[in-house]
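Listed here are the chains, written in short residue letters.
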Amino acid sequence: MSFKFANIDGRASVVEGGAYFDLERISKGSIDHDPMVAIGQLDEIHRVSGNLAGHDSDGALADAKLNAPVPSPRNSFGVGLNYKDHAEESKMDLPKVPVVFTKYPSCITGPFDEVCLRGEMNDYEAELVAVIGRTARDVSVDEAWSHVAGLTIGQDISDRALQLAARPAHFGLGKSRDTYGPIGPILVSPDALDDPNDLPITCDINGERRQDAKTSSLIFDVPFLVSYLSEVMTLEAGDLIFTGTPAGVGMPDKRFLKPGDVIRTSIDGIGVMENICR
Ligand code: ZN
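Student: Would you take a moment to explain the overall build of the chain for this structure?
Tutor: The helix and strand inventory of the chain stands at 8 helices and 18 strands. For 278 residues, the compact-globule estimate of 2.2 N^0.38 gives 19 Å, and the chain sits close to it at 18 Å. Each principal axis of the C-alpha distribution contributes one length, and for the chain these read about 55 × 40 × 30 Å. Counting all 278 residues of the chain, 53% fall into the buried class.

In structure tokens, the structure reads:
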């Protein structure tokens, strides 16, 4: 059974029809309240999600405090230049293998939390984020989706000055300042989406559309990335893969983020994140 997973004020929950259900409560304790533990209990989450009609909800989603669905991942990967139009606007060649960097887990923050800007050259990057749900080692492309708990939205906020301060560029630091990794608002299991390989994704800054693409344009898609990374290291439940951003980032025209800017990021079938810059 498909599910929509949320972190409601620190507790693992599932969402259905505008209401949320506390997973520890409705599973009678078999699913942990901690979202980082619960996200690895995929079979249990699928099972209880098939029987929500038998439970009262814990409240309305609209009244809930949504935190990052995966607040403290063990590993968090970013993928650079993974859309052709973004590689072109960055004046870079198309990659022949995924360009992978570390987005340090300490930068992860909630879907409606503030982004605390440092420096003058901060940029937005709307991204699809895949969340691992089962241990993955040497998995094939065909097997890869079964190791993914779900998909969520991410912003790969980037301090371009810091990123480009070193040669070769140090992506890891430039994309990992505190609060530079909002994710959310919920995590949607792949089977809840009509086509998890083809999702419209947008980014608006102060209401102006800057990015508008479909994830079917990814050069290396989610199954490929999971398979590729799993040949290098064992992936564990909760690990994040920021899959890369389409064209429209601020860098080419030096349209950098300023305090007060509102970053609105959406993916059809998952929802909307809104982060204000401070
Ligand atoms: Zn990125």
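Following the structure, the description resumes.
Student: Help me understand helix 8 (residues 222-232) in this model?
Tutor: Because an α-helix completes one turn every 3.6 residues, residues spaced three or four positions apart along the sequence face the same direction. Those residues of helix 8 lying buried are V222, P223, L225, V226, S227, L229 and S230. In this structure, the buried side of helix 8 is in contact with strand 6 (76-80), strand 7 (99-102), strand 10 (126-132), helix 5 (141-144), strand 11 (148-155) and strand 16 (240-242). For helix 8, the N-terminal capping position is held by D221, with its side-chain oxygen 3.0 Å away from the main-chain nitrogen of F224.

Student: I keep staring at the pairing of strand 15 (residues 208-214) and nothing clicks. Help me out?
Tutor: Two faces, one strand: in a regular strand the side chains alternate between the faces of the sheet. Of the pairings in the sheet, the one linking strand 14 (residues 200-205) to strand 15 comprises 6 bridges and is antiparallel in character. Across the sheet, the residue bridging to T202 is D212, located in strand 15. What sits between strand 14 and strand 15 in their antiparallel hairpin is a turn of 2 residues, with N206 showing a positive phi close to 50°.

Student: What is the right way to read the side chain of T215 from this model?
Tutor: Here T215 shows up in the loop between strand 15 and helix 8. Among the polar contacts listed, one links the side chain of T215 to the backbone nitrogen of L199, at a separation of 2.8 Å. With residues near it in sequence (within four places) discarded, T215 still touches Y83, L128, P196, N197, D198, L199 and I201.

Student: How should the domain arrangement of the chain be read in this particular structure?
Tutor: Reports often express the size of an interface as the amount of accessible area lost when the parts come together. What the domain assignment lists for the chain is domain 1 (4-67) and domain 2 (76-276). Placing the centre of domain 1 and that of domain 2 at their C-alpha centroids yields a distance of 25 Å. Counting residues at the interface gives 13 residues for domain 1 and 18 residues for domain 2. The largest contributions to the domain 1 side of the interface with domain 2 come from K4, I39 and L42, which together make up 42% of the buried area. With a closest N to O distance of 3.2 Å, R134 and D43 form a salt bridge. Here domain 1 and domain 2 share 3 residue pairs in polar contact (both at pLDDT 80 or more) between them. Residue composition of the side of domain 1 that touches domain 2, by class: 7 nonpolar, 3 polar and 3 charged.

Student: When you look at the coordination of the zinc ion in this model, what are you seeing that I'm missing?
Tutor: Six octahedrally arranged donors around a metal ideally form angles of 90 or 180 degrees; four tetrahedrally arranged donors ideally form angles of 109.5 degrees. Within the first shell, the zinc ion binds the protein through E125 (OE), E127 (OE) and D156 (OD), at distances of 1.9 to 2.1 Å. Positions of the donor residues of the zinc ion along the chain correspond to the pattern E-x1-E-x28-D. Residues E125 and E127 agree in their burial class; the two are buried.

Student: Sorry if this is basic, but what is going on with the pattern of salt bridges here?
Tutor: Once the charged atoms of two side chains with opposite charge are near each other, the side chains can pair. Using the criterion set out here, one finds 21 salt bridges in the structure. Residue R25 is joined to D58 by a salt bridge in which the shortest nitrogen-to-oxygen separation is 2.8 Å. Linking R25 in helix 1 (residues 23-26) with D58 in the loop between helix 3 (42-49) and strand 4 (59-60), this pair joins segments that are 33 residues apart in sequence. Here R25 falls in the partly exposed class, since its relative accessible area comes to 37%. Here E208 makes a salt bridge to R255, at a shortest N to O gap of 3.1 Å. Here the residue E208 occupies a position in strand 15, and R255 occupies one in the loop between strand 16 and strand 17 (262-267), the gap between them amounting to 47 residues.

Student: Looking at this structure, I do not really get the sheet that holds strand 15. What am I missing?
Tutor: Overall, antiparallel pairing links the 4 strands, which are arranged 15-14-17-18 in an open sheet. Both edges of this open sheet fall to strand 15 and strand 18 (271-276), since each of them pairs with a single strand only. Within the sheet, the average angular offset between the axes of one strand and its neighbour, ignoring direction, is 15°. Summarising the sheet, strand 14 and strand 17 pair through 5 bridges and their orientation is antiparallel. If you follow I201 over to strand 17, its bridge partner there is I267.

Student: Is there a simple way to explain the environment of E236 in this structure?
Tutor: Relative to the assigned elements, E236 resides in the loop between helix 8 and strand 16. According to the relative accessible area criterion, E236 is partly exposed, its value standing at 27%. Remark: the alpha-carbon pair of E236 and R137, spanning 99 residues in sequence, is separated by 9.0 Å. Not counting the four nearest positions on each side in its chain, E236 is found in contact with R74, I132 and T135.

The rules behind the values
- Residues numbered from 1 in each chain as written.
- Predicted model: local features only at pLDDT ≥ 70, side-chain atom pairs only at ≥ 80, totals over all residues.
- Heavy atoms only, no water.
- Helix = DSSP H or I, 4+ residues; strand = E, 2+ residues; numbered from the N terminus.
- Rg over C-alpha atoms; globule rule 2.2 N^0.38 Å.
- Buried < 20%, exposed > 50% of the residue type's maximum accessible area, 1.4 Å probe, protein only.
- Contact = heavy atoms within 4.5 Å.
- Polar contact = N/O pair within 3.5 Å; in protein donor to acceptor, adjacent residues only side chain to side chain.
- Pairing = 2+ DSSP bridges.
- Domains from an automatic or database assignment.
- Buried area = accessible area lost by both parts, 1.4 Å probe.
- Salt bridge = Lys/Arg side-chain N within 4 Å of Asp/Glu carboxyl O.
- Nonpolar A, V, L, I, M, F, W, Y, C, P; charged D, E, K, R; others polar.
- Donors = N, O, S within 2.8 Å, 3.2 Å for Na, K, Ca; no water.
- Axes fitted to C-alpha atoms, helices over the stretch in contact; angles between N-to-C directions.

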